Amino acid sequence: MGSLLRITVLLAAVLSLPALWPRMQAEHPGPVVLIMDGEEVADQARFTDRTFLQAMQEYRSLGVEGVALYEQSVRNWVNRGLLTYHPANTLQLVYPNAQIRPGWFYLTGPQAFLEAIVARWSIPIEKVVIGTGTQPWLATPVNVEFFPAGYDRALARELKAQGFYIAARPFDHPYRKYDVELIPPEADVVVFAGLDVLGYKDNLEAVAVGLEGKPIAWIEGTPQRGFAQLAQTLPVKRLFSIRPEWQDKLTPAETADKFVLAARERGHQLLYLRPYRQPGDTQQFLTILKRDLERSGVPIGEPTARDFDPSPLRYMAFLGIAAGLALLAIGLPAPFGIPVAVLLVLFALGVARGDAAPLLAAMVFPALGFLERQLSGLRLWLAAVLYSLAGVVFLAALGSTPQSVLGLDPFRGVSLTLVVPPLLVALSFLPTDYKPALNFLYNYQFKLGEVAIVLVGLAVVALAVLRRGNDAAPSIVPEWELQLRAFLQDVMVRPRFKEIFAHALAPMALLLPWPTWMRNALLVLVAVGMGSILNTFSHYHTPLSISFFRVLNGILIGLLLGLVGVWVFRRLREWWLR
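What counts, and at which threshold
Residues numbered from 1 in each chain as written. Predicted model: local features only at pLDDT ≥ 70, side-chain atom pairs only at ≥ 80, totals over all residues. Heavy atoms only, no water. Helix = DSSP H or I, 4+ residues; strand = E, 2+ residues; numbered from the N terminus. Buried < 20%, exposed > 50% of the residue type's maximum accessible area, 1.4 Å probe, protein only. Contact = heavy atoms within 4.5 Å. Areas by Shrake-Rupley, 256 points an atom, 1.4 Å probe, with all protein chains shown as cover. 1 Å grid on protein atoms, 1.4 Å probe; cavity = no way out; pocket = protein on both sides within 12 Å on 5 of 7 lines; lining within 4 Å. Points joined across faces, edges and corners; volume = space filled by probe spheres on them. Nonpolar A, V, L, I, M, F, W, Y, C, P; charged D, E, K, R; others polar. pLDDT = per-residue confidence, 0-100. Patch = residues over 30% accessible without salt bridge, like charges linked within 9 Å, V, L, I, M, F, W, Y side chains within 5 Å. Salt bridge = Lys/Arg side-chain N within 4 Å of Asp/Glu carboxyl O. Core = buried A, V, L, I, M, F, W, Y, C linked by side-chain atoms within 4.5 Å. Phe/Tyr/Trp six-rings, centres within 6.5 Å; stacked < 30°, edge-to-face > 60°. Lys NZ or Arg CZ within 6 Å of the ring centre and 35° of its normal. Arc of directions from axis to C-beta. Polar contact = N/O pair within 3.5 Å; in protein donor to acceptor, adjacent residues only side chain to side chain.

**A few points about the overall build of the protein**
Piece 1. Assigned secondary structure in the protein consists of 25 helices and 11 strands.
Piece 2. The buried share of the protein, reckoned over its 578 residues, is 50%.
Piece 3. The contacts in the protein between residues at least 6 apart in sequence include a share of 74% that link residues at least 24 apart.
Piece 4. When the accessible surface of the protein is summed, it comes to about 28100 Å², and 62% of that surface belongs to carbon and sulfur atoms.

And the structure:
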């Protein structure tokens, strides 16, 4: 029975492999476009007595081919001298004899321009003549100083004529209309401001129509309400940016490293940049960024759509997962096998629902290699790695969709991929006749060193769970490790420390003469690293090739360190026993 199930897992993995090809074709790094924040450029241009276009041409020589244009407010147009705006009390001072309504607000300017602006608002507006002038004013009981008032269309046309990639940045307002022009036709992509998309939540359908098929930007680390609904009908591009207050704490080289990492390893195509306060720092930042993108093989250019049709061969993964679940059921000591397998299925359905199969693969397959009792030494470790990689194929085949690769539909149950496998491995070590074992454990006199080792093991598992993903609290990660991560990231696809630790621990556990209970405890910690392999591939937005080399580097480095550790331990033991 077990041999048939192993063959089924192998065949299912081989047949599921081609299902990964469409995703691999779509997720190659780049091309990326460097987009400079338009408001920051405008501020620097005024400070250095240059025009906006002159500033952008200087940035263009450093690789910047894109610019983000914000929708202007009434106050912006007033500051630029294109509109005149007064509340009633100040306008009364200018025209003391005019009939001005107390508490109202008055706006005037070129009529065509003015009418185009107020057509965007759903508020009561009256046209009045004040004083002896002939130019009408628009009066409203609502303070419209910070209402959306359109884009600088002349600037957008000039930038487009010069070949710049334009990102439109509209902002929402409760009194704006959605059946008018929402973005300039010159825009190539839409980047929403704030925590909600334009029109959330009652006007999303009108916004989807009004954007006329323009791509929308998914900003990493800034989920925006309503984005998923718009993404159902509009193309999506991944955008990476760094908040200004964070960038101020980084050197130009450090900032460039983060953008290169985002483009190379996380599938971002829009790199949203902000200049430093000092022009020299900005020039250094852009020079390093352009150079390192070229070194990483990430081309600079107009981003292309990353869409693909999942292969029907992906459904072969269901067969492999079912076979793996059956192997778990017969491999665990009786009577735990079948109840645990059923419980895992129900748990996966409750956590991930329609995506329960990838979660099952991530929970079950890291533990299967440890159930191969007939294997010894590093063959047991190799079996655990191969089963984990089979689980990777099943997880990636079923979980890889355009939405998950973009980060819109993330993997559900990330913590379980690190917690469940070591628990299953620990359960597998329980003897079938468990009553004598429990009596022995109850009467066992633990030594202080043994208690210390158990506590260290529990601390390692807890730390692995707390530091899952890319959003672990900075206070948990020491400064020396952050520096080591940065170094490894520069020289290779950086492996995860959990995997290095586990693969280093495997030779120590399997090749040294530990007591049985100690060996089993160490193997439970090794299972954390096997779960981390599946956890690595559960980050669907990371290209498969990057995840593969991350895991491969972790295996090679960890195994080498482990073999060195075995040699050192044996030499120390010989010296101690002399």
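**Regarding empty space enclosed by the protein**
Piece 1. This model, assessed by the stated rule, comprises two cavities of 30 Å³ or more.
Piece 2. When its volume is computed, the largest cavity comes out at roughly 60 Å³.
Piece 3. Lining the largest cavity are Glu-27, Arg-238, Gly-267, Arg-306, Val-405, Leu-406, His-541 and Pro-543.
Piece 4. In the lining of the largest cavity, the residues fall into three nonpolar, two polar and three charged.
Piece 5. The volume enclosed by the second largest cavity comes to roughly 40 Å³.
Piece 6. Around the second largest cavity, the lining residues are Phe-105, Leu-107, Val-118, Trp-121, Ile-125, Leu-138, Thr-140 and Val-144.

**Observations regarding the confidence of the model for the protein**
Regions with low pLDDT carry predicted coordinates that are not meant to be interpreted in detail.
Piece 1. The predicted model of the protein has a mean per-residue pLDDT of 88, with 89% of residues at 70 or higher.
Piece 2. Contacts of residues 469–476 to residues separated by more than four positions or lying in other chains number 10 contacts, the stretch itself having pLDDT below 50.

**A look at a nonpolar patch on the surface**
Piece 1. A cluster of nonpolar side chains, Leu-560, Val-564, Trp-567, Val-568, Leu-572, Trp-575 and Trp-576, forms an exposed patch at the surface whose accessible area comes to about 840 Å².
Piece 2. The topology assignment puts Trp-567 in helix 25 (residues 544–576).
Piece 3. Classification of Trp-567 by relative accessible area gives exposed; the value is 53%.

**Topic: the environment of Leu-313**
Piece 1. You can see Leu-313 is positioned in the loop between helix 13 (279–295) and helix 14 (316–331).
Piece 2. C-alpha of Leu-313 to C-alpha of Leu-15: the two residues are 298 residues apart in sequence and 6.8 Å apart in space.
Piece 3. The contacts of Leu-313, once residues within four sequence positions are left out, are Leu-15, Ser-16, Pro-18 and Ala-19.

**Re the pattern of salt bridges**
Piece 1. One pass over the full model with this rule turns up 24 salt bridges.
Piece 2. The salt bridge involving Arg-101 is made with Glu-126; its shortest N-O contact spans 3.3 Å. Residue Arg-101 is found in the loop between helix 6 (88–94) and strand 4 (105–108), and its partner Glu-126 is found in strand 5 (residues 126–128); the two are separated by 25 residues along the sequence.
Piece 3. Residue Glu-126 is classed as partly exposed on the basis of its relative accessible area, which comes to 32%.
Piece 4. The partner of Arg-277 in a salt bridge is Asp-248, and the shortest N-O contact between them spans 3.4 Å. A residue pair is termed long-range when its members are at least 10 positions apart, and Arg-277 in the loop between strand 11 (270–273) and helix 13 and Asp-248 in the loop between helix 11 (244–247) and helix 12 (252–265) qualify at 29 residues.

**Here's the deal with the nonpolar core**
Piece 1. Leu-344, Phe-365 and Phe-394 are the most contacted members of the largest nonpolar core, which totals 70 residues.
Piece 2. A total of 12 residues in this core trace back to one element, the largest contributor, which is helix 17 (residues 378–399).
Piece 3. Formed by 36 residues, the second largest nonpolar core is a distinct cluster that contains Val-41, Ala-42, Ala-55 and Leu-62.

**Comments concerning the packing of aromatic side chains**
Piece 1. Under the criterion given, the structure shown has 14 aromatic pairs.
Piece 2. With a centroid separation of 5.9 Å and 50 degrees between ring planes, the pair formed by Phe-259 and Phe-285 is classed as tilted. With a gap of 26 residues between them, Phe-259 in helix 12 and Phe-285 in helix 13 connect regions that are remote in the sequence. In this structure, Phe-259 and Phe-285 share a single accessibility class: buried.
Piece 3. Put simply, the rings of Phe-240, Phe-259, Tyr-276 and Phe-285 pair up and form one aromatic cluster.
Piece 4. Over the face of the ring belonging to Phe-164 we find Arg-60, whose NZ or CZ atom lies 4.1 Å from the ring centre.
Piece 5. Arg-101 extends its terminal NZ or CZ atom over the ring of Trp-104, reaching a point 4.3 Å from the ring centre.

**Quick look at helix 3 (residues 38–47)**
Piece 1. Among the residues of helix 3, those classed as buried are Gly-38, Val-41, Ala-42, Gln-44 and Ala-45. Projected onto a plane normal to the axis of helix 3, the buried residues spread over an arc of 165 degrees and lie on a single side. Exposed residues lying more than 90 degrees from the buried face of helix 3 are Arg-46 and Phe-47.
Piece 2. Buried-residue contacts for helix 3 involve strand 1 (33–37), helix 4 (52–60) and strand 2 (66–70).
Piece 3. With a side-chain oxygen positioned 3.2 Å from the backbone nitrogen of Glu-39, the residue opening helix 3 is Asp-37.
Piece 4. One or two residues past the end of helix 3 sits Asp-49, with phi positive at roughly 60 degrees.

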